[in-house]
Amino acid sequence: MTVDFNHLYSERARNLIASDIREILKIMREPDLISFAGGMPNPDTFPISVIGEIAQDVLNDSITESLQYGVTEGHMPLREALADRMRMRGVECEPENILVTSGAQQAVDLTSQLLLDPQACVLTESPTFVAALIGLRGYRVKIHSVSLDEEGIIVDILEEKLKGLHLAGIHPRMLYVIPNFQNPKGVTMSEPRRKKIVDLANEFDFIVLEDDPYYNLRFEGDHIPPIKAFDDSGRVIYASSFSKILSPGMRIGWIVSHRDIIRKITLLKQTSDVSTNVLSQCIAAEYLSKGHLDKQLPKIRELYHRKQKVMLSSLEEYFPSEARWTRPQGGMFLWVELPENIDTQQLQSKALERKVAFIHGSLFFPDGSGRNTMRLSYSHPTDDQIREGIQRLGEVIKEEMRAR
Ligand SMILES: *Cc1c(COP(=O)(O)O)cnc(C)c1O
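Rules behind the numbers
- Residues numbered from 1 in each chain as written.
- Predicted model: local features only at pLDDT ≥ 70, side-chain atom pairs only at ≥ 80, totals over all residues.
- Heavy atoms only, no water.
- Buried < 20%, exposed > 50% of the residue type's maximum accessible area, 1.4 Å probe, protein only.
- Helix = DSSP H or I, 4+ residues; strand = E, 2+ residues; numbered from the N terminus.
- Pairing = 2+ DSSP bridges.
- Arc of directions from axis to C-beta.
- Near = heavy atom within 4 Å.
- Polar contact = N/O pair within 3.5 Å; in protein donor to acceptor, adjacent residues only side chain to side chain.
- Areas by Shrake-Rupley, 256 points an atom, 1.4 Å probe, with all protein chains shown as cover.

## A word on the pairing of strand β9 (residues 253-256)
And then number 1: Of the two faces of β9, the one carrying Gly 253 and Ile 255 and the one carrying Trp 254 and Val 256 are both buried.
And then number 2: Sheet analysis places strand β2 (residues 98-101) next to β9, joined by 4 bridges and oriented antiparallel. Considered in β9, the bridge of Ile 98 is made with Val 256.
And then number 3: Inspection of the sheet shows strand β8 (residues 236-241) paired to β9 by 4 bridges, in the antiparallel sense. Of the residues in β9, the one forming a bridge with Ala 239 is Ile 255.

Structural data, given as structure tokens:
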């Protein structure tokens, strides 16, 4: 007997729809497929034996603590270590300003719960992170998006939009941005724009959610302080994660924000999962305090930098001269724009026949535009697979261009 449960679901559940990415990831299991689709870290970056040793030490030292319920705000040694590291990035904070979350994804969700009622106005970059977009849509908010150029979100357009909304009596609650090696475009927000965003948040009275999982994956150029470093009024909620620099499976992220906001978010988190996985937190704290992260990071950056260079030179060699792509200074993917008349969603099935996968760009646009764009991730395939895959993809694109 088939039962339809839809009428029993909440509006939020009914509003949540699976992303096409999951469909693509299913096909990805095919053994000879070369995939530039998933944004997963390369498993070669996981410090497996170190984690094994630390896990054993943690269990020996503090068996009652690491296997026990933990406080919702997070394991204190981890909060202390994170506060130290955030201060080194120019963010004034104490452990009391830090909340450990189950990944940055939970940080985005808790912030959404904190700020967003149905029909609330939210500002995002366009394109932006698919998972955040899906989460926001589930909250039934009105998304207004602002384009990015090579220096990140175009703040002049943002300001115009804010003025227009203000005149219409609409007050955005939140601006969601990814400042470093933005997912999906790979671009990094300039320092003047970061400062301008804080000014606009003060002037127009909204919260900035700064999602920064890629900070440590910079392989060229100088670090730029987080938006949070310029925040003099506590309007910026900073979120980051160990997913791209240690392990996504350990599910550890963190929020840095004003204490009042931490207190409220703590209440929201408590009702959801009590605390972030305590064993994972104890391992991460030891991993930081023993200096392992700082030893591992150069290796991770080197791996992704090498793979990016292989991808960039393959693009030069095999893609048509009409194609344009970003050259990110870090992170795990880049962004390609094809001639206007090429539809990358249609291209996708043809590429899959040739055993290459990517994600079509329109998925990342709140308004579904960007039909001629694609995101290419270089984190997972081997160097040879990158060359081979880009060659195959280049051929598919050239064929498609000839057919138009
Ligand atoms: C990968 C990624 C994250 C990490 O999410 P976790 O929940 O920490 O695994 C967050 N935001 C963006 C934009 C990402 O690309």
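The structure having been displayed, the exposition proceeds.
## A short note on the sheet that holds strand β14 (residues 373-377)
And then number 1: The sheet built from 4 strands is open, its strands ordered β10-β11-β14-β13 with antiparallel pairing. Among the strands making up the open sheet, the edge pair consists of β10 (324-325) and β13 (359-360).
And then number 2: In the sheet, strand β11 (residues 333-337) pairs with β14 via 5 bridges, with the strands oriented antiparallel. Paired with Glu 337 across the bridge in β14 is Thr 373.

## Regarding helix α12 (residues 344-353)
And then number 1: Within α12 the residues assigned to the buried category are Thr 344, Leu 347, Gln 348 and Ala 351. Across the axial projection of α12, the buried residues extend over an arc of 115°, all falling on one side.
And then number 2: The first or second residue beyond α12 is Lys 355, which carries a positive phi of 65°.

## As for the site of the ligand
And then number 1: Residues in close proximity to the ligand total 13 residues, the closest being Ala 104, Tyr 214, Ser 241, Ser 243 and Lys 244.
And then number 2: Between Ser 241 and the ligand, the recorded distance is 2.5 Å, taken from a side-chain N or O atom to an oxygen atom.
And then number 3: Within the contact set of the ligand, an oxygen atom lies 2.7 Å away from a side-chain nitrogen or oxygen of Arg 251.
And then number 4: Across the complex, the protein chains shield 92% of the 390 Å² of accessible surface that the ligand would expose by itself.
And then number 5: Among the elements that make up the shell around the ligand, the one with the highest residue count is helix α5 (residues 103-115) (3 residues).

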